[in-house]
Structure formats: structure tokens, C-alpha cells
Amino acid sequence: MTARVEPLPHGERPALDTLISRFDSGSAAVEVNFRRLMPSVTPPRGGHAIHPYPAKLLVNIPQFFLAALCPDHGDKLLDPFCGSGTVLYEAALAGLRPLGSDSNPLARLVTRAKLTSINRDVVGDELALIMQRYPMLAPDIPDVINLDYWFSDRISQTLGKLRAAIAQCVSTRHRPLFDVSFSATVKRVSYADPRLSVPVKINPARSARYGAKGDEVLRRLARLENVDVAAVFWSIVSQNSRRLRQVREGDAEIPFTIFDDARALNLADASIDIAITSPPYVGAQKYIRASSLSLGWLGFTPECKLRPHERVSIGREHLGAEEIWQTEGTGILAADALLDEIAARNPLRARIAQRYLLEMRDALAELARVMRTGADLILVVGPNLVAGFEFPTPAFLEELARRAGFATHLHLIDSIESRGLMTKRNRTAGVIQQESVFLLKRGPVDV
Ligand SMILES: C[S@@+](CC[C@H](N)C(=O)[O-])C[C@H]1O[C@@H](n2cnc3c(N)ncnc32)[C@H](O)[C@@H]1O
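As the structure is a prediction and not an experimental result, all values here were calculated from the model.

## What about the environment of Gln434?
Here Gln434 is to be found in strand β11 (residues 434-442). When its relative accessible area of 33% is taken as the criterion, Gln434 is described as partly exposed. It is 23 Å that separates the C-alpha atoms of Gln434 and Phe406, two residues lying 28 residues apart in sequence.

## Some points on the environment of Val445
Of note, Val445 is situated in the segment after β11. Taking the C-alpha atoms as reference points, Val445 and Met371, separated by 74 residues in sequence, lie 9.7 Å from one another.

## Digging into the packing of helix α16 (residues 333-345) against helix α17 (residues 347-370)
With their axes 6 Å apart at the nearest point, α16 and α17 run at an angle of 155° to one another. With respect to α17, the element α16 is oriented roughly antiparallel. On the side of α16, the interface is formed by Ala335, Leu339, Ile342, Ala343 and Arg345, while α17 contributes Pro347, Arg349, Ala350, Ala353, Gln354 and Leu357. Of the residues belonging to the contact of α16 with α17, the class tally is eight nonpolar, one polar and two charged.

## Some points on the packing of helix α5 (residues 105-115) against helix α9 (residues 175-188)
α9 packs onto α5 with a crossing angle of 125° between their chain directions and a minimal axis gap of 8 Å. On the basis of the axis angle, α5 is oblique to α9. In this structure, α5 crosses over α9, and the sense of that crossing is left-handed. Here Leu106, Leu109, Val110, Arg112 and Ala113 of α5 come into contact with α9, specifically with Pro176, Leu177, Asp179, Val180 and Ser183. Per-class residue counts for the contact of α5 with α9 are seven nonpolar, one polar and two charged.

## Let's talk about the domain arrangement of the protein chain
By a widely used convention, the size of an interface equals the accessible area lost when the partners come together. Split into domains, the protein chain comes out as domain 1 (5-104 + 257-287 + 315-442) and domain 2 (120-245). Contacts between domain 1 and domain 2 engage ten residues on the former and nine residues on the latter. With both sides pooled, the region where domain 1 packs onto domain 2 buries about 830 Å², and carbon together with sulfur makes up 70% of that total. Taken together, domain 1 and domain 2 are joined by zero salt bridges. At the boundary of domain 1 with domain 2, the tally comes to three residue pairs in polar contact (both at pLDDT 80 or more). Partitioning the side of domain 1 that touches domain 2 into residue classes produces five nonpolar, four polar and one charged.

## Comments concerning α9
Look at α9: 20 Å from first C-alpha to last across 14 residues, which is about the 20 Å you get at 1.5 Å a residue. Burial analysis of α9 places eleven of its 14 residues in the buried class, which makes it a mostly covered element.

## With respect to the site of the ligand
Around the ligand, the surrounding shell holds 24 residues, and the nearest of these are Tyr53, Leu57, Ser84, Thr86 and Asp102. The backbone of Ile314 places a nitrogen or oxygen atom 2.8 Å from a nitrogen atom of the ligand. Here the ligand loses 100% of its free accessible area of 600 Å² to cover by the protein chains. Under a 2 Å grid-point criterion requiring more than half of the atoms, the pocket assigned to the ligand is the largest cavity.

## Quick word on the layout of surface pockets
Put simply, the largest pocket is a space of about 730 Å³. Lining the largest pocket are 33 residues, and of these His51, Pro52, Tyr53, Lys187 and Pro194 lie nearest its centre. For the lining of the largest pocket, the secondary-structure elements that each account for two or more residues are α9, α11 (229-245) and α13 (292-297). The dominant element in the lining of the largest pocket, judged by the number of residues it contributes, is α11, at four residues. Across the lining of the largest pocket, the residue classes break down as 16 nonpolar, ten polar and seven charged. Two domains each donate at least three residues to the lining of the largest pocket, and these are domain 1 (5-104 + 257-287 + 315-442) and domain 2 (120-245).

The rules we used
- Residues numbered from 1 in each chain as written.
- Predicted model: local features only at pLDDT ≥ 70, side-chain atom pairs only at ≥ 80, totals over all residues.
- Heavy atoms only, no water.
- Helix = DSSP H or I, 4+ residues; strand = E, 2+ residues; numbered from the N terminus.
- Buried < 20%, exposed > 50% of the residue type's maximum accessible area, 1.4 Å probe, protein only.
- Axes fitted to C-alpha atoms, helices over the stretch in contact; angles between N-to-C directions.
- Parallel < 35°, antiparallel > 145°, perpendicular 65-115°, else oblique.
- Contact = heavy atoms within 4.5 Å.
- Nonpolar A, V, L, I, M, F, W, Y, C, P; charged D, E, K, R; others polar.
- Left-handed = near helix turned anticlockwise from the far one by under 90°.
- Domains from an automatic or database assignment.
- Buried area = accessible area lost by both parts, 1.4 Å probe.
- Salt bridge = Lys/Arg side-chain N within 4 Å of Asp/Glu carboxyl O.
- Polar contact = N/O pair within 3.5 Å; in protein donor to acceptor, adjacent residues only side chain to side chain.
- Expected span 1.5 Å × (residues − 1).
- Near = heavy atom within 4 Å.
- Areas by Shrake-Rupley, 256 points an atom, 1.4 Å probe, with all protein chains shown as cover.
- 1 Å grid on protein atoms, 1.4 Å probe; cavity = no way out; pocket = protein on both sides within 12 Å on 5 of 7 lines; lining within 4 Å.
- Sits in = over half its atoms within 2 Å of the grid points.
- Points joined across faces, edges and corners; volume = space filled by probe spheres on them.

Written out as C-alpha cells, the structure is:
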């Protein structure tokens, strides 16, 4: 099921119409480079950098489609797997009404921070008040998994005091910006290796294996001895406030909505005009684990439990006992045959991949329900390996989308240089090197 690919002549930067007619004439996926198709947008979007997030979407992709498809001002754009809000932020800047969902509370928070307009003077006043008050406050330390393993006692105490001060000094409107900046601070002052998305403790005994950046990692570890946590927080809030202001004029509020689960959107039928999304990958992405320190410090893991968040996360690596024994096929012949082959080598991996397809089927059905006839869906997804087998996720999701009521108008393939969290696990998870970008259209609704 691997797509045939037609490369573009060297140096060509065609418009969307040209790409569609090239695809129509050969129906092979057309190879593009989105960095070349949509090289730069001014002013630069500082807001995208307010917080790290695994596997952020290449911003050039939504920028290209928003420019090429020209949705009307005020149209409703949905990203059901919004992550850190890359698409929704671009949509808001393009004058659209952003709606999204994500099962990871950290993702929802980062998205909210990007979409909430701020008053920079008030942010400055609130930050000054925090700096003045935090030393006197009792530390408010929530349930954080393995707190003492990831943070020195001195650092935990200061983080706890800052957390208490944020709760006291910050207005509701600016809370997302301060919480996001606090979360970014947590990442900066933990013992986690900064080169990796999923927390792995820096281990000086292994520094020889750290490669070119080994010295830098060790210097960071040494700096943690005396790091001024409040100064780090102060500088991140100040920088984030500048980043968001670059593209936000005045105090204008952008109305936006963010739900939890792509499979249960509280939206009316046929109410969405356009959707752009990059769904999770099967088993390759550990969004919740990657966010665990932040989730803890933000108060999202009472009793130190990540499982409630993992359970709603599509592409998760842990299945509940009842899920492991469910044997419902996906209904796609090629997928079920491949899952049988995988099961012969690794039954658990086969179940994880099967569950992924079933849950993506439900998410695509929900997407089809809320999109109006004729609306465009941009779906960005790459293949990966499952237990050593190439798993053609793009072809399977395209088929699921077709069954949900979408028709393919264009299939592009872009080679990606780097997407965070593409960790190679035991040589079986695989690294995603190419992404498929589909332009699909919602067909007429059956009556
Ligand atoms: C590839 S990432 C999206 C990245 C995003 N485009 C960005 O630029 O940050 C996929 C996202 O799907 C989310 N996700 C997983 N299961 C979900 C579900 N049931 N409903 C909504 N989002 C879900 C993950 O938490 C993750 O943030």
C-alpha cells in the first residue's frame, strides 16, 4: 500500500491548482517541500515558540493551505488533534474562528495561551507582584511523579512558592500565559536531558554516549546546583509576553473553543467549514509521558496517576486488560492482513495498532459529522514501523476517511527533517521520515 511518488522538477514551486492537476493526471502522490512551497511569513510567528511540544506540525503546511484555499473571514476551522495549537494559532491570525480538541491537558493549555489575547502592561505588573511575594509564601507542591528523582529539594521549594504566587497574583485572563511559562520553567530546571522529549535523567556516567552535545548537557546539570529558578521563570514570562504581542494588536479577543476528545466534539452537524490536522501516530508518540513533569506541576496528576490521561490518548502504548482481548477487525482487508502478520511476531503490538485504527475510525467519523458538505480537510500523517513491519498509516487513514465520507483531491509527500519525539525504540518503533499530506473533501451527507 506504499504510495507511488512523483517528484516535482527541481526548483519548482507550483500553486495548489497545478499540484491538483498533476495528481489528477497520474494519481501518484506528488513530492513537495513545504519549506520551499511556503518559505516565509511576516511578521514572524513568535507565539509558536512559547512552549515545547512533541511532533509540532511544520507551520508552513497550514500557512500554505490557508493562503491557497482562501477560506472566508470568520469561517470555522477545526483541528481535532490540536496539540500545541500550531494550526489554530495560524487560523486565528488568518481571521478564522479556531476550534480544536486534544486529550492532553498540557496541549490544551498551550493552545489556550496562544489564543488568549494579553495586555502586556498588566502582565508586567502581575509578574512584578509574583516576584515580590513568592519568597514569603508557603510552597504549594502538587502530586508530581517521582518528584525527588527529577528535582532537588531547593528547586521544588521554589517552584512550589512560585506556583502559590501565580494562584494569588494572576488574573484569569493571563493564567494560561503564566501557567505555560511555569511549565516551561519546570522543564528547564529538572534533571531531565533537554535533548529528549520524554524525560530521561541526565547521567554523568554516560556522558560519553551523549555525542557532540555531551559537554552542554553536563554544563546544564552543573548549573542546576545554583540555578535561580525565579529568574528563569521571570525571563520566560517576559519573553513569552513579547512573543505573543508580536502578532496580537491591542486587546481584541479571539473567540475560540477547545474540547478534550476528537471522538466526542460538542458541535452541531455540518457546522465546520475547514479542518487541518495531524493525528497521533500509532505507538510512536508518547505525548502524555513526554508531558509528565509539566502535568504534575500544573496539578493534572492527582495521586501521581498518568493513566487517566493515557486512556483517552489515541496511539497509546498501554492498553487496558479489556482492550487487549477485543478482536474487532478494522474492516480494511490490507490492514487486517498486516495486523495478523504483526500478531504472529508480537501480539501486543498488533493489538495496539489495531486499537489505533479503530479509534482513528471513530475520530474520522466524528470529523465527518461536524464538517459541512464540500468542506476541505487537510490530513497530515506519516508511516512508521510496528514490530519491524512498515505500517502504512497514511493509506489506512485515507481509506478510513473515505469510508467516513471524504474524497481524496490531492496527495502530497514531504520529507521531514526532524519532528521531536521520534525516538527509535528497540529498532521496532521506527523513525518517520516522510509525511503524507492529503487534501480531502467532505462529500454530500446521506439522507
Ligand atoms: C501529532 S500531535 C499534534 C501536534 C500539533 N499539530 C502541534 O503542532 O502541536 C497529535 C495530538 O493528538 C492528541 N490526541 C491523542 N488522542 C487524542 C484524542 N482522543 N482526542 C484529541 N486529541 C488526541 C495528542 O495529545 C497530540 O497532542
